[in-house]
Amino acid sequence: GIVKREVVELLTPGTAINSNFLNNNENNFLSSIYIKHENIGFAIIDNSTAELLCGETNINNLKDIVKQYKIKELLVCESQENLVKKYINFDLLITTYEDWKADKINSYDKLLKQFHTKSLKGYGLENHDLAIIAASACINYVELNSFGKTKHINSISKIDSSEYMHIDSFTIKNLEIFESLNNNQDATLINVIDKTQTASGSRLLKKNLLKPLKNLKKINCRLDSISELIKNNNEFNMVYEALEQVSDIERIVVKIANNKSNPRDIINLSTSLKVINLIKNIIKPSMKNFCKKINESNDLSKIINIISKTIKEEPSVNILKGGYILEGYSKELDELRDISKKANDWLVAYQENERSKHNIPSLKINFNKVFGYYIDVTKTHIEKVPDYYIRKQTLVNNERYFTNELKDYEDKILTAGDQIIEIENKIFKKLLEEILFYGKEIQENSKILSEIDVYVSNAYIAIENNYTKPILNESSNYILKKSRHPVVERLLPFGEEFIENDLNLDYKKNQIGIITGPNMAGKSTYLRQIALISLLAQSGSYVPAEKCEIGIIDKLFTRVGASDNLAGGESTFLVEMNETANILNNATNKSLVILDEIGRGTSTFDGISLAWAITEYLHNNKKCKPRTLFATHYHELISLADSLDSCFNLNIEVQEYKNEVIFLRKIQPGGASKSYGIHVAKLAGIPNEVISRANHILRNFYDNKTAFNDLYKEQLPLFNDEENISNEKANDLLN
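Source: prediction; values computed, not measured. (Residues numbered from 1 in each chain as written. Predicted model: local features only at pLDDT ≥ 70, side-chain atom pairs only at ≥ 80, totals over all residues. Heavy atoms only, no water.)

Draft legend 1. Here's a closer look at the packing of aromatic side chains. A full pass over the atoms with the stated rule returns 12 aromatic pairs. Between Phe29 and Tyr69, the ring centres sit 5.7 Å apart and the planes meet at 80°, which makes this aromatic pair edge-to-face. Remark: Tyr69 occurs in the loop between α1 (62–68) and β4 (73–77) and Phe29 occurs in the segment before β1 (30–36); sequence separation between them is 40 residues. For Phe29, a relative accessible area of 3% puts it in the buried group. Ring centres 5.4 Å apart and planes at 50° place the aromatic pair Phe115 and Tyr123 in the tilted group. When its relative accessible area of 6% is taken as the criterion, Phe115 is described as buried. A residue is classified by how much of its surface remains accessible, and Tyr123, at 17% relative accessible area, is buried. Residue placement shows Lys67 over the ring face of Phe90; its charged tip is 5.0 Å from the ring centre. Note that Lys625 overlies the ring of Tyr507, its terminal NZ or CZ placed 5.9 Å from the centroid. (Phe/Tyr/Trp six-rings, centres within 6.5 Å; stacked < 30°, edge-to-face > 60°. Helix = DSSP H or I, 4+ residues; strand = E, 2+ residues; numbered from the N terminus. Buried < 20%, exposed > 50% of the residue type's maximum accessible area, 1.4 Å probe, protein only. Lys NZ or Arg CZ within 6 Å of the ring centre and 35° of its normal.)

Here is the structure:
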């Protein structure tokens, strides 16, 4: 007959739920924003997991939000599209919607209807109009594309920036947390520390790294959970194995809500939900944090029992084929199956009877969708065919027939088959409705399993890589003993050990550490490991060090590496200055600043002058005195430690032996005596005549360095009422 055709779904990068278009271990985020003056409301939704987040922030943070959450599609109202494009100067699908939809009253009502509540106070959104408009736009868009299927979106969370360490997109990129700068995925932090057993656990681990906590109680709760697992090795191993049975509950629930699930999904859901009870039986009462977390779960025994009494343990994936409902569930279904089974037995008997009756050994009863059941006879035996056989089709080597008796049984068989499929589909649909009734509770249990999975993963890494439990407090300390880079130590060749290093920073006496030493000696590795350890500690993970004490960090900034943004009209040096400006304008007394080579992209005099002035600013500005590590090739800057009270020198230890430089990769107090740049050039294979000429030029520079010394003695009066040094005077000094 005529098949009804209609559009049932609109597929876009930000709304996809089909596993063919998704990475199981990553979220697929769609975002919407609404701008008012200098502020934006933003909402972020993963339609495949039903996770909906929202918040409000300054418009300058838009690029960070898009890059941190790897937004696949951005929604904006039509009148704001051009304004958004001024801030988004990279490839991103931007979709617009009508301005009239950005109405705060209608948006508020939309969220009330979606979440079946009388107000948004419980979500902390009551007076956040911009966030409400953005969240409503997200839901409207998903609803439009899925033709109203949004039951799975049953909650919303407010992103409160005051609860988390601020990490900008520069830092995420520079630290190679999720992506390597040289496209080597093995060299990323997430590749080293992600030992989660579930897809949702892997996604949660990534979110924890994006949003390290500032709340000591919450951090210690995570750390204590890891400690409990490490101390109870048998329970740890059993929980780890139990988590292997957990499927992607979040995405199964969304598939159910969108009529895209199959019987195997439902069995996987049931198996996954059983793991909660399994873990309850594994953990000991002494594991207090685990007991508290697991006891927050909902009792879903009813749903598990319904599924176990309805669906076979090994069902088919295709619901159109049927055969997935258990025998005994429906009397009507069992009767039809009995008819179908007897009909098949009858067909076998009928075939044997016709063969022997007419002496046609090759006679077969076959079926296809065009002709139904038919009798197939090779032309060798065509003369034996009786008169009551009715010819249906002639082939080259065969003739096909049917009889009235066969036709009657065909109707009975096919009718029973169609009815079986219809009844099974009705039973399946009813089951899905019952599951969705508990959708919110199922999703809450899924979150608990994800948290447990992250604890188990962190414990696994701590045991395997010899990590230690960090101590976090409200001090200004940053103390490390025998710290290591979590990624580099795993990539070293067999038999080569990572050189451990210490650190002692605080707000008053050791605020700024200036690190000097040659290239390739390990300055950048040291800087990155300090930043990564702070990130791991505040995300609630053990860290690669023998001892770790960190005063809570509110913002983590890194300025490392060299890159450009030519498409946006920005040179390498301009990108460097943009990142540095972001640090100087936003860092606080509780921040951690990691600087690697400031001023390298311009002339030597300009570069040294900038590096000098930036260090003074971070030291003398009372509103911006972050704990800072500054690695530089300008070893002339070591004299700053004599003039700035809280500034101190560190250097990478090297040894010279027969005109060769040996890098010991050990951080030690004091400044480097020279930069060793020409030695490194020699190691790289620069021709000897170039090396010789460079040494000659260098000696001439050192013989005529009076101008340098004069410049360093002239401290710029940035923080008093004295007149700043004029451009003319600066030029005179540089000349």
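Additional details are given in the paragraphs that follow.
Draft legend 2. Expanded view of unusual backbone geometry. One non-glycine residue, Asn466, lies in positive phi territory at about 60°. With respect to the element layout, Asn466 can be found in the loop between α16 (439–465) and β12 (471–473). Note on Asn466: relative accessible area 57%, which makes it exposed. Positive phi outside glycine occurs at Glu597, with the angle close to 65°. Residue placement: Glu597 occurs in the loop between β18 (592–596) and α20 (604–620). For Glu597, a relative accessible area of 3% gives the class buried.

Draft legend 3. Region of interest: the confidence of the model for the chain. When the pLDDT values of the chain are averaged, the result is 87; 91% of them are 70 or greater. In this model residues 564–569 is a low-confidence stretch, pLDDT under 50, and it forms nine contacts with partners more than four residues away in sequence or in other chains. Below a pLDDT of 50 lies the segment residues 711–735, which in the model reaches 31 contacts outside its immediate sequence neighbourhood of four places, other chains included. (pLDDT = per-residue confidence, 0-100. Contact = heavy atoms within 4.5 Å.)

Draft legend 4. How the structure looks around the pairing of strand β3 (residues 51–58). Among the eight residues that make up β3, six are buried, leaving the element largely enclosed by the rest of the structure. Here eight bridges tie strand β2 (residues 39–46) to β3, and the two strands are oriented antiparallel to one another. Counted as the bridge partner of Gly41 is Glu56 from β3. Once β2 ends, the chain turns through four residues before running back antiparallel as β3, passing Ala50 with a positive phi of about 70°. As paired elements, β3 and strand β6 (residues 157–158) share two bridges and run parallel to each other. From the neighbouring strand, Cys54 faces β6, where its bridge partner is Lys158. (Pairing = 2+ DSSP bridges.)

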